[in-house]
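# Structural features, examined
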Amino acid sequence: MNDSAPAVSLAQSSPTVGTLRERDGALEWSGRQEILRVEPWGPDAIRVRARLGGPVLPELPGALAPERPDSPGASVKIQNGSGILTNGAITAEVNAEGMIRFLRAPGGEELLAEERAHFWWPGSRLYTAGGNGYHRLEQRFAAYEGERLYGLGQHQHGLLDQKGVVLDLVQRNAEVSIPVLTSSRGYTLLWNNPAIGRVELGVNGTRWVADSARQIDYWITAGDPAEAQRRYSAVTGRTPLLPEWAAGFWQCKLRYRTQEELLQVAREYRRRGLPISAIVCDFFHWTHLGEWKFDPAEWPDPAAMVRELAGMGIKLVVSVWPSVSPLSENHPVMEQKGYFIGTEYGPMAHADWPDKEVAATVQVAFYDATNPEAREFVWSRVKENYLEPYGISAFWLDACEPELKPGFPANLRYHAGPGLEVGNLYPRENARAFYEGLTAAGENEVVTLNRSAWAGSQRYGAALWSGDIGTDFATLRRQIAAGLNTALSGIPWWNTDIGGFHGGDPDDPAYREVMVRWFQFGTFSPLMRLHGFRDPAMPLGPEMTGGPNEVWSYGEEAGAILESYLRLRERIKPYVLEQMRVAHEEGLPVMRPLFLEFPRDERAWQVADAYLFGPDVLVAPVLEAGARERAVHLPEGARWTDAWTGEEYPGGGEVTVPAPLERIPLFLRDGARLPVTAGE
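Please read all numbers here as calculations on a predicted model, not as lab measurements.

## Here's the deal with the pattern of salt bridges
According to the stated counting rule, one finds 55 salt bridges in the structure shown. Here Arg148 and Glu602 are joined by a salt bridge, their closest N and O atoms 3.8 Å apart. Here Arg148, found in the loop between strand 12 (134–141) and strand 13 (149–154), pairs with Glu602, found in the loop between helix 11 (594–597) and strand 35 (611–613); they are 454 residues apart in sequence, far enough to count as distant. We classify Glu602 as partly exposed; its relative accessible area is 48%. Notably, a salt bridge pairs Arg381 with Glu384, separated by 2.9 Å at the nearest N-O pair. Of the two residues, Arg381 and Glu384 both sit in helix 5 (residues 372–390), three residues apart, roughly one turn of that helix. With a relative accessible area of 19%, Arg381 lands in the buried category. Within this structure, Arg23, Glu28, Arg37, Glu39, Arg49 and Arg68 form a network of salt bridges that share partners.

Set out below in structure tokens:
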């Protein structure tokens, strides 16, 4: 049926009905001044948009491309007072009142249903007017007994299953909002809206809230978690191929203050014969914040530094912040051209921050990454000061939430829209500036290290790390769930600061144990990067640094263990790179919850302290002080071999294995081989 096809009025079936019609292969319902559009959006998936007061808006900011992807075989029918859209494995049924049920096809089992807030008013979609076409939006769905929910980006609550959680949809340091959920009931749903808001996963219902936006927009697919990841990554964008160097070990600390200090560390790694792929030049290496260039007083010859590092096989990664000091040479032109995030009230300054040549903090502004011209300007400075003269092509995009003080998104005005409507988009667009700049310059290997992300960040070569976190075993334990939920949110490149960030005394035996166990976990993380602000620390400012943070900084016993895991990571790099290829081609993450490979094992859906590294390696980090053994659930449907001892176990039960300080429990699936021990 085409646009001119007659609408079907359902007025005789209910006193609160609307009108259903087919339009361009989609199902539309209209009533009570609302238009609801339900359409196929890629294989086995459906997109839903709803707006009060007019037709749906096709080009609002979001994670989905404006063009509808092919959906072979999708069909629309209107019959018996309802409309039915079927697209492969999923069916959407829209009743006369505009309520939607999603069903598994074939079979007809309910996957998810919209739910009324009250029998009288409102329905499942609530619009509370904010003026000028903006509303506080609510979308309600039913809750189901026994349902488990995963994803939603990266959070520090330590929970793998998010059922029962209330989360703010806002970007903060260590709290990364990516609004996609995977359900144990066999669906994955993307809330395709970068607005500030929250999601409530209660036992009496699920509610998505946008504090101020113009329309409801979500996408849903049916299938097991692995199938859903493939489809979700197809519509939001697959990650590029990870460069080979990035699969190795990254050395970092807060911070190397001079060129010579950084080079001495790199030389010592090579003198000791230790594998190292990258070393990071952290913040305050610049002349002024927002000038994006080396301070010649501390970094007198970057070209010679890059050449020497390259001769040792080491990539230099440079920190680039999105904030601009009023002392920066770029501030006047950026302000004049409107390249900063605007404010509704008050000056165009978003945070206070130390800078060179001043005794007190200054009021800095953040560039507007949602503005294409602003992205091009920032990239032009980075290209001129790092890429062109020195060949530096790897960047650490810190503070990219953006880290505003105070964090009042309602006072912000972006090129893409008001702060409340588009605020969560920023980190993705910041990564986009570097991806598009590097590729336009002819670089075919792109990876940036980001402290925040949104849906689709992965397609711009964005790696995510878990932010400025603590340095104890409790924090380490929380990173397992954080990494797994990130993986289920479409971001396959992920890591933590090995050892945590805030503190940690390299001379403290208790902290040395934390470091060893964290380093073992880091070896089996998608990216392996040592970082932290070690004791003794200095106050925030251009002169600041932390204590030593190299593998030899932790004493003879711990240092020997750390060195052994550096060599282990180097041995397994071919396996890591193969899993990165799978992430690029299929959208499957490297770090996987057990249920991604074993969805029919009920216990696998509950394991929050172990994971699969690719399909073949089960990793069970030691997460308690003094622990020298570890209980591990081995999923049903495979045989498992202890990678250290060669002992075999059947799947479907729990085993307890030795875990001396030098050993992280590892199990290989169905005869898989991996060079875990030297000489393999």
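After that view, the rundown keeps rolling.
## Re the nonpolar core
Core analysis: the biggest nonpolar cluster contains 170 residues, and Leu309, Leu316, Phe395, Phe519, Phe524, Phe613 and Leu618 have the highest contact counts within it. No other element matches the 11 residues that helix 10 (residues 555–586) contributes to this core. Contact partners of Leu316, with chain neighbours within four places excluded, come to Leu262, Ile279, Cys281, Phe294, Met305, Val306, Leu309, Ile392 and Ala394.

## Notes on the sheet that holds strand 24 (residues 342–343)
Pairing is antiparallel in the open sheet, where three strands are placed in the order 24-28-29. Both outer strands of the open sheet, strand 24 and strand 29 (417–418), are each paired with one neighbouring strand and no more.

## Some details on the side chain of Ser277
Position of Ser277 relative to the elements: it lies in the loop between helix 2 (259–271) and strand 21 (278–281). The class for Ser277 is buried, based on a relative accessible area of 6%. Polar contacts involving the side chain of Ser277 include one to the main-chain carbonyl oxygen of Trp245, which spans 3.4 Å.

## Section: the pairing of strand 5 (residues 45–52)
In terms of residue burial, strand 5 counts as a mostly covered element, since seven of its eight residues are buried. Bridge analysis of strand 4 (residues 34–40) against strand 5 gives seven bridges, and the strand direction is antiparallel. The residue of strand 5 that forms the bridge with Leu36 is Ala50. Between the end of strand 4 and the start of strand 5, which pair antiparallel, lie four residues, with Gly42 showing a positive phi angle near 90°.

## Re helix 2
An ideal rise of 1.5 Å per residue puts 18 Å on 13 residues; helix 2 measures up with 18 Å between its terminal C-alpha atoms. Of all the residues in helix 2, the buried ones are Gln259, Leu262, Leu263, Val265, Ala266, Glu268 and Tyr269. Elements in contact with the buried residues of helix 2: strand 20 (249–251), strand 21, helix 3 (302–311), strand 22 (315–320), strand 33 (528–530) and helix 10. One or two residues past the end of helix 2 sits Gly273, with phi positive at roughly 70°.

## Considering empty space enclosed by the protein
A water-sized probe, rolled over the atoms, reveals where empty space remains. Under the defined criterion, the tally for this structure stands at three cavities of 30 Å³ or more. In this structure, the largest cavity occupies an estimated 70 Å³ of space. Together, Leu112, Phe141, Ala142, Leu149, Leu181, Tyr187, Leu189, Leu201, Thr206 and Trp208 line the largest cavity. Mapped by element, the contributors of at least two residues to the lining of the largest cavity are strand 16 (187–191) and strand 18 (205–213). Residue classes in the lining of the largest cavity are distributed as nine nonpolar, one polar and no charged. Taken as a whole, the second largest cavity holds about 60 Å³ of empty space. Around the second largest cavity sit 14 residues that line it, and Ser233, Gly490, Pro492, Ala583 and Gly587 are the ones nearest its centre. Taken together, the residues that form the lining of the second largest cavity break down as six nonpolar, seven polar and one charged.

Reading the values: rules and limits
- Residues numbered from 1 in each chain as written.
- Predicted model: local features only at pLDDT ≥ 70, side-chain atom pairs only at ≥ 80, totals over all residues.
- Heavy atoms only, no water.
- Salt bridge = Lys/Arg side-chain N within 4 Å of Asp/Glu carboxyl O.
- Helix = DSSP H or I, 4+ residues; strand = E, 2+ residues; numbered from the N terminus.
- Buried < 20%, exposed > 50% of the residue type's maximum accessible area, 1.4 Å probe, protein only.
- Core = buried A, V, L, I, M, F, W, Y, C linked by side-chain atoms within 4.5 Å.
- Contact = heavy atoms within 4.5 Å.
- Pairing = 2+ DSSP bridges.
- Polar contact = N/O pair within 3.5 Å; in protein donor to acceptor, adjacent residues only side chain to side chain.
- Expected span 1.5 Å × (residues − 1).
- 1 Å grid on protein atoms, 1.4 Å probe; cavity = no way out; pocket = protein on both sides within 12 Å on 5 of 7 lines; lining within 4 Å.
- Points joined across faces, edges and corners; volume = space filled by probe spheres on them.
- Nonpolar A, V, L, I, M, F, W, Y, C, P; charged D, E, K, R; others polar.

None of this, on its own, says anything about what the molecule does.
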